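Tertiary structure, described
Okay, here's what each chain looks like letter by letter:
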Amino acid sequence: MAALLTAQDLSKSFGARTLFSGVGMSLEDGERLALIGPNGSGKSTLLKILAGMETSDEGRVIFRKGVRAAYVAQADAFPEGSTVHSAVVDALHASKDAGHVPHLHDDHEIELAATLTLERVGFTNLEQPTASLSGGQRKRLAIAREVAKQPDVLLLDEPTNHLDVEGIDWLEDLLRRADFASIIVTHDRMFLESVATRIVELASSYPQGTFGVVGNYSEFLRRKQEFLDGQAKQQQSLANQVREDLRWLGRGAQARRTKSKSRIDASYERMDELEDLRARNAPQKAAAIEFEATGRQTLKLIRARAITKSLGGKRLFTDVDLVVSPGQVLGLMGPNGSGKSTLLKVLTGQMPADPPTPEAIKAAAEAVDVPPSTPPPGTIVRAPGLRSVFFSQHRTELDPSQTLHEALSPHSDAVIYQGRTIHINTWARRFLFTTQQLKQPVRALSGGEQARIHIARLMLEPADVLILDEPTNDLDIPSLEVLEESVEEFPGAVILVTHDRAMLARLASRILALDGRGGSRFFTDYEQWQRRDRGERREAAAAPKAAVAAVASPAPAKKKLTYNEQRELAAMEGNIEKAEARAKELDALMNSPEVIADHRRYQEVCRESGEVHAAVAGMYERWAELESRAGGKG
């Protein structure tokens with residue numbers, strides 16, 4: 001059977017700038033093709049061409065007869081005054097009028113398709129205004145709006161931007177279970193690893209402008225390295241041939257007249273090919289990111305004691321104890337709307353904390369052997385003269401009407417970085433901007449380019465603490481890796497909010513997870529949080545199934561308990577009480593400023609806490625099993 005879509009010799013330029021040329025690719029039934037590449041390589045433009053929203057300068061896109069395609073843009077736009085339900089219904093009506101959803105015949109079928117799709121993707125309040133949705137909810141709705149059309153091909157441009165980790169897990173599951181094929185532009189490396197069945201990189205380092213590999217991201221990296229190594233060897237071999245050609249051609253005009261014209265032509269062709277190979281083999285550039293630290297070694301840069309915050313009548317977090325010290329990377333996690341950005345603002349003094357809770361006041365009054373330096377509940381102590389650099393996910397500091405030159409250096413033709421004066425042209429090149437771009441307005445730059453402007457400005461400010469709120473949005477993979485290296489080498493403290501799971505796994509020395517219901521918990525690293533999160537989700541998913549099974553299925557014959565099992569059951573309740581008491585002690589220690597300040601002690605407590613909580617869960621399972629077999633009697 002023919003491919004769902006085939007792109008042949010696509011080329012696209014904007015003015016004098018060529019984005020790509022001669023690009024070809026195809027998409028087969030059931031494939032999940034991930035499209036990656038450096039910022040500015042034309043991924044989003046190529047996706048729009050495949051979706052029929054833009055035209056190519058050359059080449060064409062061929063769809064198999066009857067194939068329906070749907071497109072999810074980076075920016076999520078909904079009609080003014082729309083609700084969750086009406087946004088999908090209106091989109092389906094528009095598609096029906098255009099003849100794109102022949103399977104939906106009337107208003108009733110459209111309403112039903114919208115309702116079923118929204119319930120499938122997790123929306124419960126279908127009349128919620130779209131204007132009140134969070135960034136993650138808007139992305140889910142944008143995807144639902146296109147999935148409701150029942151496409152054969154779904155094209156998504158940076159769909160993980162603004163989704164929290166739970167939302168990304170949901171999207172991964174949706175795509176893996178889908179009966180449609182998909183093309184996804186993304187820089188999320190874990191997403192590429194777990195979802196992609198084929199990866200295509202769009203870059204000038206390849207002969208046809210692209211390099212494709214069947215498999216996930218690990219396989220792609222392996223095959224890419226093999227290809228580049230082979231291309232480098234080809235360049236070396238060709239360079240040797242060209243040197244021979246040059247010696248041969250340099251033997252004098254009289255000798256050249258006797259030489260074969262075909263050999264001369266072949267020599268010049270090899271020279272041209274060598275130049276192309278050298279250009280392709282040149283190392284891919286990435287922004288040179290290096291944050292400047294003040295060098296301060298104060299042990300406790302920020303210390304928060306039992307801080308609480310509510311907004312709009314919703315409790316975001318309760319009685320959080322926190323110490324931020326040099327050399328630490330604290331990852332903040334939680335669903336969208338759980339209060340991560342608010343906590344950053346409270347810690348940096350942009351927003352006040354609420355008065356302490358009665359529970360925190362009571363606990364402080366009953367505490368013994370509290371060091372005199374311990375702050376009272378509800379307060380935050382910052383080191384004198386603390387210097388923080390804040391990377392905002394909204395990037396509202398950028399004026400879209402400014403030129404790139406003004407955004408990078410508003411008052412002169414130079415910047416001061418680490419005590420040195422650097423000309424604006426050199427500074428711009430460090431972040432992969434050309435001299436010609438300095439006159440462009442910020443609004444004309446891509447999201448990735450605007451992110452690099454923001455980083456360039458922050459690098460000029462020496463800091464004790466880096467506050468990074470979703471810094472990865474729009475950055476390509478090479479820039480992400482350089483950003484990770486810079487954060488890893490930063491000697492001060494870092495507080496990191498990101499949906500990039502690979503970055504959290506690499507950098508976070510501990511995790512503070514907000515649950516969205518006012519609670520919070522510390523984890524020693526991302527892997528520990530992930531194990532706990534997946535375990536809780538499995539339990540939640542299994543609970544209703546277990547309840548249904550208990551009603552629907554006849555109970556199996558119970559096997560009588562042995563003597564040792566009867567003794568085990570008799571002691572089980574007391575053992576669980578002891579283990580839970582220890583788990584509670586460890587949870588308190590994990591939130592103790594003194595333990596947090598002692599890195600080794602903190603790791604030991606986190607490790608033991610994980611083991612004890614796992615043991616408690618196992619004991620409850622064993623207790624349920626024994627009681628079930630004993631007929632519910634202790």
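The structure reproduced in this document is the subject of the present report. All values derive from a computational prediction rather than experimental measurement.

**A closer look at the sheet that holds strand β5 (residues 69-72)**
- On the basis of which strands lie adjacent, the open sheet formed by 6 strands has the order β5-β6-β7-β3-β8-β9 and mixed pairing. Edge strands, defined here as strands with exactly one partner in the open sheet, are β5 and β9 (210-214). Strand after strand, the sheet turns through a mean of 15° between neighbouring axes, direction not considered.
- Pairing of strand β3 (residues 32-36) with strand β7 (residues 181-185), which is carried by 4 bridges, proceeds in the parallel orientation. Counted as the bridge partner of Ala34 is Ile184 from β7.
- The sheet strands contacting helix α4 (residues 135-147) are β5 and β6 (153-157), and the helix crosses β5 at an angle near 170°.

**A short note on the packing of aromatic side chains**
- One pass over the full model with this rule turns up 8 aromatic pairs.
- Consider the rings of Tyr206 and Phe211, whose centres lie 5.2 Å apart with planes at 20°: the pair is stacked.
- Every member of this aromatic cluster is reached through a ring pair, and the members are Tyr206, Phe211, Tyr217, Phe220 and Phe227.
- We note Arg452 situated over the ring of Phe433; from NZ or CZ to the ring centre the distance is 5.1 Å.

**Re the sheet that holds strand β1 (residues 5-14)**
- One open sheet holds the 3 strands; their spatial order is β2-β1-β4, and the pairing between them is antiparallel. Looking at the sheet topology across the chains shown, the edges are occupied by β2 (17-27) and β4 (58-63). Strand after strand, the sheet turns through a mean of 20° between neighbouring axes, direction not considered.
- Here helix α1 (residues 43-51) sits on the sheet in contact with β1, β2 and β4, set at roughly 130° to β1.

**Side note on the pattern of salt bridges**
- This structure, assessed with the given rule, holds 21 salt bridges.
- With its nearest N and O atoms 3.1 Å apart, the salt bridge here joins Lys139 to Asp76. In this pair, Lys139 sits in helix α4 while Asp76 sits in the loop between β5 and α2 (84-97), placing the two residues 63 residues apart along the sequence. Of the two residues, Lys139 and Asp76, both sit in the buried class.
- Residues Glu146 and Arg145 are paired through a salt bridge, measuring 3.7 Å at the closest nitrogen-oxygen approach. Take Glu146 and Arg145: they sit in the same class, and that class is buried.
- The structure contains a network of salt bridges with shared partners spanning Arg189, Glu484, Glu488, Asp500 and Arg506.

Reading the values: rules and limits
- Residues numbered from 1 in each chain as written.
- Predicted model: local features only at pLDDT ≥ 70, side-chain atom pairs only at ≥ 80, totals over all residues.
- Heavy atoms only, no water.
- Pairing = 2+ DSSP bridges.
- Helix = DSSP H or I, 4+ residues; strand = E, 2+ residues; numbered from the N terminus.
- Axes fitted to C-alpha atoms, helices over the stretch in contact; angles between N-to-C directions.
- Contact = heavy atoms within 4.5 Å.
- Phe/Tyr/Trp six-rings, centres within 6.5 Å; stacked < 30°, edge-to-face > 60°.
- Lys NZ or Arg CZ within 6 Å of the ring centre and 35° of its normal.
- Salt bridge = Lys/Arg side-chain N within 4 Å of Asp/Glu carboxyl O.
- Buried < 20%, exposed > 50% of the residue type's maximum accessible area, 1.4 Å probe, protein only.

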